[in-house]
Structures are given as C-alpha cells and as structure tokens.
Amino acid sequence: MKFLADECCDLGLVEFLRMKGVEVDYVQELQQGVTDINVLNKAKDEKRILLTEDKDFGELVVRFNKPAYGIILLRFTPLEKKIKYQRVLKLIRKYPSKLPGSFIVADKQKFRIRPLKKV
C-alpha cells in the first residue's frame, strides 16, 4: 500500500513510516506549495492514501464530492507527536483493507472510518 503525505505533515512522521517499511511520498519533497486539489488528484491518480492534518480535504471530498482514493486526517496536538506516529502505524497495520475508499479521522483515542464516494 502506498501513501502520499501532505506538506502539512511533519517530516518526522514520514521518516518514521519509511523506517517501518511504509512507502510514503512527501509533497514537501516533491512540489511545495501545490494546491489541495492537485494533492488530492495526485493521490487518487497514483492510488495512494493521503495523509494530512488539513481539514480542508474533508470539505473537498464531503461537501464538494471530489473523488479520492483514501484519506487519513490526523487530529493530534503538537505534544502528541510520538503518539501520532504509533497510532498511524497501528491504523495502517490493523485496517489495511479499509484504507482505500475511506475517509478516516485518527486521534489518540479512536479511528472514525467513513466510506468515500466511489472513484
């Protein structure tokens, strides 16, 4: 399974996931300042799960019905970095079949998984 980390995600998360064998492209390394819709389209076209901390992606796929392959919205405070890393890894390992086709909100206590509009 492949992922695309939005540029709002911290480099530490990207490096942690890569060290754990997760394939992650990072917008910050590819093309800084790209629009949210272009990030969403890149993830969809490349069949990558989008990792983001930007709530605007929820609005794009829910309110504006933009297609997406899969999105994980991370809702952690800056003090919860280490918890965030472990929670994302747990989500990836525990629910791999649910990641494509879902909009997932992950926080330190739970994962909320909702189906996305079919692409």
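Thresholds, definitions, all that
Residues numbered from 1 in each chain as written. Predicted model: local features only at pLDDT ≥ 70, side-chain atom pairs only at ≥ 80, totals over all residues. Heavy atoms only, no water. Salt bridge = Lys/Arg side-chain N within 4 Å of Asp/Glu carboxyl O. Buried < 20%, exposed > 50% of the residue type's maximum accessible area, 1.4 Å probe, protein only. Core = buried A, V, L, I, M, F, W, Y, C linked by side-chain atoms within 4.5 Å. Helix = DSSP H or I, 4+ residues; strand = E, 2+ residues; numbered from the N terminus. Contact = heavy atoms within 4.5 Å. Pairing = 2+ DSSP bridges. Axes fitted to C-alpha atoms, helices over the stretch in contact; angles between N-to-C directions. Parallel < 35°, antiparallel > 145°, perpendicular 65-115°, else oblique. Left-handed = near helix turned anticlockwise from the far one by under 90°. Nonpolar A, V, L, I, M, F, W, Y, C, P; charged D, E, K, R; others polar. Arc of directions from axis to C-beta. Polar contact = N/O pair within 3.5 Å; in protein donor to acceptor, adjacent residues only side chain to side chain.

S.K.: In this structure, what is going on with the pattern of salt bridges? I would like to understand it.
M.R.: Pairing of side chains with opposite charge becomes possible as their charged atoms draw close. Going through the model one piece at a time under the given rule, you end up with 11 salt bridges. In this structure, Glu46 engages Arg48 in a salt bridge whose closest nitrogen and oxygen atoms are separated by 3.0 Å. For Glu46, a relative accessible area of 27% translates into the label partly exposed.

S.K.: Would you explain the nonpolar core in this entry?
M.R.: What tends to happen in soluble globular proteins is that the nonpolar side chains get buried as a cluster. Counting residues in each nonpolar core, the largest one holds 24 residues, and the members touching the most others are Phe3, Leu17, Leu51, Ile72, Leu74 and Leu99. Those elements that provide at least two residues to this core are β1 (2-5), α1 (11-19), β2 (23-26), β3 (48-52), β4 (71-74), α5 (81-94) and β5 (102-106). In terms of residue count, the dominant contributor to this core is α5 (5 residues). With residues near it in sequence (within four places) discarded, Ile72 still touches Phe3, Ile49, Leu50, Leu51, Thr52, Leu91, Leu99, Ile104 and Ala106. If you look at the next biggest cluster of nonpolar residues, it comprises 16 residues, including Ala43, Leu60, Ile71 and Phe103.

S.K.: Any chance you could explain the pairing of β3 here in plain terms?
M.R.: Both faces of the sheet carry side chains from a regular strand, because those side chains alternate between them. When you tally the buried positions in β3, you get 5 out of 5 residues, the bulk of the element. Neither face of β3 is open: one carries Arg48, Leu50 and Thr52, the other Ile49 and Leu51, and all of them are buried. Note that β3 and β4 share 3 bridges and pair parallel. Along β4, the bridge assignment pairs Leu51 with Ile72.

S.K.: Quick question: what am I supposed to make of the packing of α1 against α5 here?
M.R.: Each pair of packed helices can be summarised by the angle the axes make with each other and by the distance between the axes. Contact geometry for α1 and α5: axes closest at 10 Å, N-to-C directions at 45 degrees. On the basis of the axis angle, α1 is oblique to α5. α1 and α5 meet at a crossing whose hand is right-handed. Counting all contacts with α1, which are made through Gly12, Leu13, Phe16 and Leu17, the residues of α5 involved are Tyr85, Gln86, Val88, Leu89 and Ile92. Taken together, the residues that form the contact of α1 with α5 break down as 7 nonpolar, 2 polar and no charged.

S.K.: Before we go on, may I ask you to explain the side chain of Thr52 in this structure?
M.R.: Mapped onto the elements, Thr52 comes out in strand β3. Dropping the residues within four chain positions of it, Thr52 is found in contact with Asp6, Cys8, Cys9, Phe57, Ile71, Ile72, Leu73 and Leu74.

S.K.: Looking at this structure, I do not really get α1. What am I missing?
M.R.: Two residues of an α-helix separated by three or four positions point the same way, owing to the 3.6 residues in each turn. What α1 keeps buried is the set Leu13, Val14, Phe16 and Leu17. What you see down the axis of α1 is that its buried residues fit within an arc of 165 degrees, all on one side. The N-capping residue of α1, defined by a side-chain oxygen 3.2 Å from the backbone nitrogen of Gly12, is Asp10. Phi for Gly21, located one or two positions after α1, is positive at around 90 degrees.

S.K.: Would you mind going over the environment of Glu46 with me for this structure?
M.R.: Along the chain, the position of Glu46 falls in the loop between α3 (36-45) and β3. C-alpha of Glu46 to C-alpha of Lys2: the two residues are 44 residues apart in sequence and 8.5 Å apart in space. Among all residues touching Glu46, those that are not within four sequence positions of it are Lys2 and Asp25. In this structure the side chain of Glu46 is engaged in a polar contact, spanning 3.0 Å, whose partner is the side chain of Arg48.

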